[in-house]
Each structure stands twice: as C-alpha cells, then as structure tokens.
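Below are the chains, spelled out letter by letter.
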Amino acid sequence: MAQLLSPLPGTFYRKPSPDKPSYKEDGDSVAKGDVIGLIEVMKSFNEVKAESDGKITFMAENEEPVMAGQPLAEIV
Amino acid sequence: MAVNVIKPGLSTTVQDLGRPGYYHIGIPLSGAMDRLAAKAANWLVGNKEGAAVLEAVFMGPELKFTEEATVAVTGAELPPKVDGEVRDTWTSFKVKKGQTLSFDFLKKGARAYIAISGGIDVPVVLGSRSTYALGALGGFTGRKLEAGDKLPVGKGRAVKEGRSVPEKLRRGPGQPAELRMIPGLYWHRITEAAGKQFLADTWKVANEADRIGYRFKGGKPLEFVAREQPFGAGSDPSNIVDACYPYGSIQIPSGTEPIVLHRDAVSGGGYFMVGAVISADMDLIGQMQPNTPARFVEVTMAQALKARKDRAKLIEKIKAGL
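These numbers were taken from a predicted model, which means no experiment stands behind them.

A. Representation of the overall build of chain B within the structure. Within chain B, the regular secondary structure consists of 4 helices and 20 strands. By its C-alpha atoms, chain B is 65 × 35 × 30 Å across when sized along the principal axes. For chain B, with 322 residues in total, the buried portion stands at 47%. Pairs at least 24 apart in sequence give 76% of the contacts found in chain B among residues at least 6 apart.

Written out as structure tokens, the structure reads:
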C-alpha cells in the first residue's frame, strides 16, 4: 500500500482536458509511471505519475485545490 | 567547481538581488522574490549578500556536488537532504564532494533560496547574475535550470557549518496574509464603495502567480466611476492611457482579479492600478502558495517608510547574529 503525494501546490485534475474521460477510475489497475492526473500551477500543467503498481483509489477530487505533500490517491 | 543538475525542480533559476536601472527601457528588476531570504542564505555560507543563489519554487532540484561546499536553504520550508539525510533550513551545512543535495516536499512558503559558498558564478549581465527568463537574459544561459546543466560555482571561503538564523527572525506571510498598500494615482477610477470593498474582501492567490505577477481571486468585482474613455485608452473601464507600472503595483483588469506585479514584471501598459504594495511586504508575496488567503491593508506613505526602516533593521539583526 502506498499513498501518492502531490509534489506541488495547485489544482488537481483527474482528466487530461474538460471534455475527456478521467485518466483512471477508482479500482483501476495502474502501473508505475502511468499518468493519473495533473497539477496546475503557475500557468503550467504538471503530470502526476504512479510510483508503484496496484489498484488505485483517489483521495482528492477533480479540480480540488491541493497542497504539496497532500495525498492524491492510494495504490494498493 | 561545478554543481551538476540531476533534476531541475519545477522552475529553479539563478537569482541575486536584481538588475535595477533598466526598467524604463522595459528590462525588469528581476532578482530574488524574497530578498531577505536570499541575503540570509548568502550570509550563512559566508558569501556577500549579493552573490547569486538558486531560487526554487514549490519543488526543490536535485544537485550533485563535484567539490565540497557549504550550503544553506532559507525562505520556504523545503527540507534539504544530503544523500537522503534531512538537514535544517536557515542553517549552514556541508555537502561533500560526490554527495547529492535533494529536497523533501514543501512544508510552508513557496520559494526556497539555496546558497552555495562561493556563489553561482554565471556571467554578469547588465550588472546582475539574475535570470529574466521571459527575456532570455542573465542567469544560466537566460533560462530556468534543466537536467544535465553544469552550474559554475565560485571559490568560497571556509565557514563553519551549523550557523543558523534564529526562528523568531524568519518571517513569512500570516493567514490571511496582510499586504500593506498605498492607494495610487488611479484610485479615483473606482467608486468609494468599491474601494472599501477591495480593502474589506479576503482574496486568494490564484494559480496564475509567478515571478511576473501574483493574481488574486475571490473578491467582489469592482465598480468603476463612469466616464468617457480618454483618447488612447481602451474601451474597458479598467483601461487607461498607457502608463508606467511600478514594482508592486496592483492592477485590476476589468475590475475582477487584482494582479500585483513582482520582480519580472512588464514595465508599462494600459490597465489602471489601485495602488502599490509597500516594498517591506513584497518578500511576503514571494512566499505565498496558490489558495493562500490575503487582504490588502491601506497605509500612508509615512507608515510605509517606517515599515521599510523596520524591515531594514530586521535584516541588519540577522546579519549581526551570523
């Protein structure tokens, strides 16, 4: 079990763009290196990647303001 | 000696105390957004206050040292690690030849200043080593750091490790942050009620906040005094005939989201400014994360000058203690 922490403060997005589906849904399998969301800060979007393999459960909502070090998801 | 950049962080730039004297021809001040922190970092490692340091925003870089050096990290609480072992912020420590300096997650603040004994030895451009990335001027080839860069570092003098700035002298923004401001030439463009509202509202730092300017959102839109727009001004009521934008000036395009111009600001344009944040509080802005609540507090010129003096005393006190 591993929590995926936000590397940056900003806004968390679970989708690549507003009209696209989410990168991952709760319960989906992810592999290390998979993009699971974006953090927007300073006019740029930064990809958040899984750091381990497993099933993902999100702990932050789409468009939620997040702090650096805040858990975004759990990968079990 | 050189420091090799393994990972650059989000946006890490070489900065010193800036490049004043060219703003009238469009080249901004640049330099550290939190000048107190940059000076303190330099003093901790035995550098002059104006030596070039690294400014890392939100996320630290990973740096490999090719020679031993003394390092200090000030400003934001971005815990430094030497070969994985955590070191204190605002305190000098040694990094040995071959060791790697990396950083933990940001705990508080926004910008960390990484001083290395000897200073970052990039060429001086128009009197400063600061990076002005928009203009590709100064710093490390005019841009933020990238993986693979070899940063030249000057020859330092030996200083003890463990030198530290007392906690009570480290200043950051409160919650909400209070930014003191002086109403300016264009204050009359908004109604009296709008002026009161601007000062009463609690604003929040938007995601669009960088070295050029800090945008705030969440307050009520401002109402303008009706007028026939003068020749040369745009049609929006927030437009003016182009004017100079001072460092710290607060423009409010369309009366909705205030923008405080900071070290890499444009020097002029056609938006009215309600006033300017006083110089003593500009360092605080550099330490504000997105979503930080903030209020604008009106002060007089006399109060602003007193605040500047107090700030200078605080900086002297830090210097005297090292």
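B. The arrangement of the confidence of the model for chain B in detail. Looking at chain B as a whole, the pLDDT averages 96, with 100% of positions reaching at least 70. Model confidence for the complex: the whole-complex pTM is 0.94, and ipTM, which rates the interface, is 0.80.

C. Examining the interface of chain B and chain A more closely. At the junction of the two partners, chain B supplies 13 residues and chain A supplies 13 residues. In terms of residue class, the side of chain B that touches chain A is built from 7 nonpolar, 4 polar and 2 charged.

D. Structural view of the domain arrangement of chain B. Residue and element names in this part refer to chain B. Under the domain assignment used here, chain B contains domain 1 (2–169) and domain 2 (177–318). Look at where the C-alpha atoms of domain 1 and domain 2 centre, and you get two points 28 Å apart. Within the residue set of the side of domain 1 that touches domain 2, elements represented by two or more residues are α1 (35–44), β5 (69–77) and β10 (108–116). Among the elements that line the side of domain 1 that touches domain 2, the one with the most residues is α1, at 4 residues. By residue class, the composition of the side of domain 1 that touches domain 2 is 12 nonpolar, 6 polar and 4 charged.

E. Local environment of the nonpolar core. Residues and elements named next belong to chain B. Ala 41, Val 53, Val 71, Tyr 113, Ile 114 and Ala 115 are the most contacted members of the largest nonpolar core, which totals 101 residues. The biggest single contributor to this core is α1, with 7 residues. For this core, the two domains that each supply at least three residues are domain 1 (2–169) and domain 2 (177–318). Apart from the residues within four sequence positions on either side, Ala 41 is in contact with Val 53, Ala 72, Val 73, Thr 74, Tyr 113, Ile 114 and Ala 115.

Rules used in this analysis
- Residues numbered from 1 in each chain as written.
- Chains lettered and ligands numbered in written order.
- Predicted model: local features only at pLDDT ≥ 70, side-chain atom pairs only at ≥ 80, totals over all residues.
- Helix = DSSP H or I, 4+ residues; strand = E, 2+ residues; numbered from the N terminus.
- Buried ≥ 20, exposed ≤ 12 C-beta atoms within 10 Å, placed from the backbone.
- Contact = placed C-beta atoms within 7 Å.
- pLDDT = per-residue confidence, 0-100.
- Nonpolar A, V, L, I, M, F, W, Y, C, P; charged D, E, K, R; others polar.
- Domains from an automatic or database assignment.
- Core = buried A, V, L, I, M, F, W, Y, C linked by C-beta atoms within 7 Å.

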